[in-house]
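Listed here are the chains, written in short residue letters.
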Amino acid sequence: MGRIPRSYLINRLITLFLTILIAATLIWVIPRLSPVDPADIMLGRMAAGAGSVANADQVLAQLRESFGLDQPMIVQYFKYLGNTLLFDFGLSTASFPTPVSSLIARALPWTLGLMILSVVITFVIGNALGAFMVWERSPKLVKVAIPAAMVFTSIPPILSGLLLMWIFAAQLRWFPLTGAYGLMVEPGWTWDFALSVLHHGFLPALSIVIVTFGFWALGMRGLMITVQGEDYVKLAEAKGLRPRYILYRYMIRNAILPQVTAFALKIGLLIAGQVLVERIFAYNGMGKLLYDAILDQDFPVIQGVSYVIILMTALSVFLVDLIYPFIDPRIRHEG
Amino acid sequence: MTEYSTDDDVAPAEHGLTREDRRRARRMRRFDNPWLNPKLYWGGGLLLGIVLVGILGRLLWDLDLVFTGSGMLKLPPVGFENLRGQEGTFANPLGTDGAGRDMLALIVIGAPNSLFVGLLASLIGMSIGIFLGFTAGYVGGRTDDIIRVLSDVMITIPPLLILVVFQSAFGDVSLTMMALLIAGFVWQSPTRLIRAQVLSMKSSGYVQMAKLSGASTFDIMFREMLPNLIPYLFGSFIANVTTSIVTAVGLEVLGLGPQRVPTLGRTIYEAINAGALIQNLWWWWGIPTLLLAAMFIGLLLINLGLDEVSNPRLRKA
């Protein structure tokens, strides 16, 4: 069994830490380079809502104080870092005074659920198809149909999402157009609710699956071609093992391992793609939260969502890196 | 003697090749040239088509139609009818959007814009990657450590999120500015790729030879090593063009990105917000979607073709 050497672990931990630090710093620095003042926007919103604001200067000063904008930059920065580590992103300006973290906590399960579901489905389908493309015994149809389907690989899920939405939701009305569950259903652990969630989640998940499985299939195809020429496969054939057994136990098992590392590189794009899918389907996840926040110029929410999504990406990459030596004992990490 | 006789047997046989056989042999030889790859052709053709739409459209079509209210609202393409019973006219062959803008003019301006952002961002990212990758691989030591860790860190950060923060704070940006911002996130993979290749090439014979014959570091890097990297660089470049366009379109669909220049992503954004899907105004969001899809498919085909050029094993399967 692969055991993780300490130097490798430390190396990965440093990378994880730096990723989080740099992301958090960028998210903090960028808005401060901009001439736009969040307190101003907030005041503007109050003025728009109430017609006029009495003692505008006082209110502005108070708002700046509540955002901590009156302190020196360096103090603000370290306070921000400390708060961010505790997932405290302040209060939303659009739905004041709801804490950003509770908005995110409400959206996160939807995003995670959709992501895990679509990633698992794509990984399984994609790798299976990629393997069958190379295997000599698979039907001719597979070898013709899959490359054709693979053309869709490069399309971002938002485009496939629009097409699916138009065909199956707007035209055929098989699936609901937007939302993560029906308006008539009470959220809870009931069958009705679960069915409604599945019904609403089907199209968003499908739009991600049909454009990403090809990536895995392509990668798997390349790896399978390499494995096919290996001596141990020849030996297994010479021994007269059943072809199906060779495919599963000898070829796929060896070819699939590097695919896990490819996953680490791909996850950022996957998450970003899903954010956009959630936005067009108005799915109750992080994507919708982010989009609403952009519309409302709700900076704390934009920052919080961006940070949490980047954190999710960094943690997934870290986990893949850690798990890898266990599933592939051939890898020995040095330094 | 027996050897001669066998030769005599073979020689007339070769003479006996029919014209058909020879033509087939010539064709086989021609197809052995890895650059004559159908995927490469189709992909290049698709992209060229989009560029041509941009160039010819500018010459042949009245681009003033891109302004709001220059035509009737929500007109369908020629040969279709919208929900109000209006038929498409040749004044707006691809229909108009919810603000009366001509779809054809939108495409003529918007499609090359997306390609431009992708190419520029990827080109800059590539240059940074070549520079950093060579430096890391060749200089080594502390410099290498810093570049390696930095690219490891930056590769996990999805560009879309940082750019969302940037653009929501700064508001409107120009196309070039957006390309520059995206370029800040596409240098990592070329850097890693080149660093790995340089490390493996550094100890190879011809590099040692060049070193012994007194070639300067610059010459070794760019005259000796770089030409060998070109297939990899091409692949990485095309992949980055795709990533850049995806990021740009993502920003535009979120309502960010350039506000004053028509882009395909922004057209989709406006269509979704106006409920074009429910109102069955398919041309409004569908035409930009299909164009973008064609662009991505073209880029993918080029990348697959390049893969086959640089990895002969993939050609047979």
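Since the model is a prediction, treat every value here as computed from it, not as a measurement.

### What about the overall build of chain A?
Regarding its fold elements, chain A presents 13 helices and 0 strands. Listing every helix and strand of chain A by position from the N terminus yields α-α-α-α-α-α-α-α-α-α-α-α-α. Taking the principal axes of its C-alpha atoms as reference, chain A extends roughly 90 × 55 × 35 Å. For chain A, buried positions account for 46% of its 335 residues. For chain A, the computed accessible surface area is about 17000 Å², with 67% contributed by carbon and sulfur atoms. Looking at charge distribution, chain A has the averaged site of its 24 positive side-chain charges lying 16 Å from that of its 19 negative ones.

### Let's talk about helix α3 (residues 38-60) of chain B
For α3 of chain B, which comprises 23 residues, the first-to-last C-alpha distance of 31 Å matches the rise-based estimate of 33 Å (1.5 Å per residue) to within 8%. Within α3 of chain B, the full set of buried residues consists of Leu40, Gly43, Leu47, Ile50, Gly54 and Gly57 of chain B.

### Re the interface of chain B and chain A
Contacts between chain B and chain A engage 46 residues on the former and 54 residues on the latter. Three residues, Leu161, Leu254 and Leu277 of chain B, lead the burial of chain B against chain A; their summed loss comes to 13% of the area buried on that side. On the surface where chain B and chain A come into contact, there are 5 residue pairs in polar contact (both at pLDDT 80 or more). Secondary structure elements with two or more residues in the side of chain B that touches chain A: α5 (141-156), α6 (159-170), α10 (217-253), α11 (264-273), α12 (282-310) and α13 (313-316) of chain B. Looking at the side of chain B that touches chain A residue by residue, the classes come out as 34 nonpolar, 8 polar and 4 charged.

### Here's the deal with the nonpolar core
Counting residues in each nonpolar core, the largest one holds 159 residues, and the members touching the most others are Leu290 of chain A together with Phe134, Val164, Ile245 and Leu292 of chain B. Looking at this core element by element, the count peaks at 16 residues for helix α13 (residues 299-327) of chain A. Counting 14 residues, the second-largest nonpolar core is a separate cluster that includes Ala131, Met220, Ile225 and Val233 of chain A.

### Here's the deal with a nonpolar patch on the surface
Taken together, Leu48, Val51, Leu52, Ile55, Leu56, Leu59 and Leu60 of chain B make up a surface patch of nonpolar side chains, about 700 Å² in accessible area. Along the chain, Leu48 of chain B falls in helix α3.

### A few points about the packing of helix α7 (residues 157-171) of chain A against helix α8 (residues 191-228) of chain A
Helices that pack against each other are described as a pair by the angle of their axes relative to one another and the distance between those axes. Residue and element names in this part refer to chain A. Two elements in contact, α7 and α8, have axes separated by 8 Å at closest approach and are oriented at 130°. Classified by the angle between their axes, α7 and α8 sit oblique to one another. Pair α7 / α8 crosses with right-handed handedness. On the side of α7, the interface is formed by Pro157, Ser160, Gly161, Leu164, Met165, Phe168 and Ala169, while α8 contributes Leu203, Leu206, Ser207, Ile208, Ile210 and Val211. Class assignment of the residues belonging to the contact of α7 with α8 gives a composition of 10 nonpolar, 3 polar and no charged.

### What about the packing of aromatic side chains?
All names here are of chain A. If you walk through the whole model with that rule in mind, you get 18 aromatic pairs over all chains. Look at Tyr77 and Phe78: their rings are 5.3 Å apart centre to centre, the planes differ by 70°, and that puts the pair in the edge-to-face class. Judged by relative accessible area, which is 14%, Tyr77 ranks as buried. Among the aromatic residues, ring-to-ring pairing joins Trp28, Tyr77, Phe78 and Tyr80 into one connected group. The ring of Phe215 has Lys266 lying over it, and the distance from NZ or CZ to the ring centre is 4.2 Å.

### Examining the confidence of the model for chain B
All names here are of chain B. Here chain B averages 82 in pLDDT, and 89% of its residues register 70 or above. Within chain B, helix α7 (residues 175-183) carries the highest mean pLDDT (92), whereas helix α1 (residues 2-15) carries the lowest (46). Interface scoring of the predicted complex returns ipTM 0.82; its pTM is 0.83.

### Describing empty space enclosed by the protein
All names here are of chain A. With the rule as written, the count across this model stands at 1 cavity of 30 Å³ or more. Empty space within the largest cavity amounts to approximately 30 Å³. As for the largest cavity, its lining consists of Thr111, Met115, Ile271, Gln274, Val275, Glu278 and Ile309. Taken together, the elements giving at least two residues each to the lining of the largest cavity come down to α5 (100-134) and α11 (257-280). Per-class residue counts for the lining of the largest cavity are 4 nonpolar, 2 polar and 1 charged.

About the cut-offs
Residues numbered from 1 in each chain as written. Chains lettered and ligands numbered in written order. Predicted model: local features only at pLDDT ≥ 70, side-chain atom pairs only at ≥ 80, totals over all residues. Heavy atoms only, no water. Helix = DSSP H or I, 4+ residues; strand = E, 2+ residues; numbered from the N terminus. Buried < 20%, exposed > 50% of the residue type's maximum accessible area, 1.4 Å probe, protein only. Areas by Shrake-Rupley, 256 points an atom, 1.4 Å probe, with all protein chains shown as cover. Lys, Arg positive; Asp, Glu negative; His and termini not counted. Charge placed at Lys NZ, Arg CZ, Asp CG, Glu CD. Expected span 1.5 Å × (residues − 1). Contact = heavy atoms within 4.5 Å. Buried area = accessible area lost by both parts, 1.4 Å probe. Polar contact = N/O pair within 3.5 Å; in protein donor to acceptor, adjacent residues only side chain to side chain. Nonpolar A, V, L, I, M, F, W, Y, C, P; charged D, E, K, R; others polar. Core = buried A, V, L, I, M, F, W, Y, C linked by side-chain atoms within 4.5 Å. Patch = residues over 30% accessible without salt bridge, like charges linked within 9 Å, V, L, I, M, F, W, Y side chains within 5 Å. Salt bridge = Lys/Arg side-chain N within 4 Å of Asp/Glu carboxyl O. Axes fitted to C-alpha atoms, helices over the stretch in contact; angles between N-to-C directions. Parallel < 35°, antiparallel > 145°, perpendicular 65-115°, else oblique. Left-handed = near helix turned anticlockwise from the far one by under 90°. Phe/Tyr/Trp six-rings, centres within 6.5 Å; stacked < 30°, edge-to-face > 60°. Lys NZ or Arg CZ within 6 Å of the ring centre and 35° of its normal. pLDDT = per-residue confidence, 0-100. 1 Å grid on protein atoms, 1.4 Å probe; cavity = no way out; pocket = protein on both sides within 12 Å on 5 of 7 lines; lining within 4 Å. Points joined across faces, edges and corners; volume = space filled by probe spheres on them.

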